Amino acid sequence: MEVSNNCSTKTFHIINENKCLKCQTFECENVCFRGIYKVINKDLAPKCVIAKEREPFCVKCHLCTTACKQKAIEIL
Ligand code: SF4
Ligand code: SF4
């Protein structure tokens, strides 16, 4: 995993994991109809993880970037 400026850089989704730590609603996982996000460790320290095998199915609809209240997601 590449790490810079506290962001994990995936192929073309960038998640600011520091913002995920404050998340309680996990909109990314709920809204993405392509199953690209999985939030782990929800009870202690939530972290959004990209399902790498699913990432190529992203249609860049931006439902996720719109829904994430923390504005933790960037799609390049
Ligand atoms: S990406 Fe947004 S919605 Fe998903 S866990 Fe992180 S802060 Fe929450
Ligand atoms: S842009 Fe759309 S398809 Fe891509 S990750 Fe976000 S919600 Fe899923």
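Residues numbered from 1 in each chain as written. Chains lettered and ligands numbered in written order. Predicted model: local features only at pLDDT ≥ 70, side-chain atom pairs only at ≥ 80, totals over all residues.

**Observations concerning unusual backbone geometry**
A positive phi angle, near 55 degrees, is found at Lys-60, a position not held by glycine. Relative to the assigned elements, Lys-60 resides in the loop between strand S5 (47-50) and helix H3 (63-67). C-beta crowding within 10 Å serves as the criterion here: with 10 such atoms nearby, Lys-60 is assigned to the exposed category. You will see that His-62, though not glycine, has its phi angle at about 65 degrees, which is positive. Residue classification places His-62 among the exposed residues on the basis of 11 C-beta atoms within 10 Å. (Helix = DSSP H or I, 4+ residues; strand = E, 2+ residues; numbered from the N terminus. Buried ≥ 20, exposed ≤ 12 C-beta atoms within 10 Å, placed from the backbone.)

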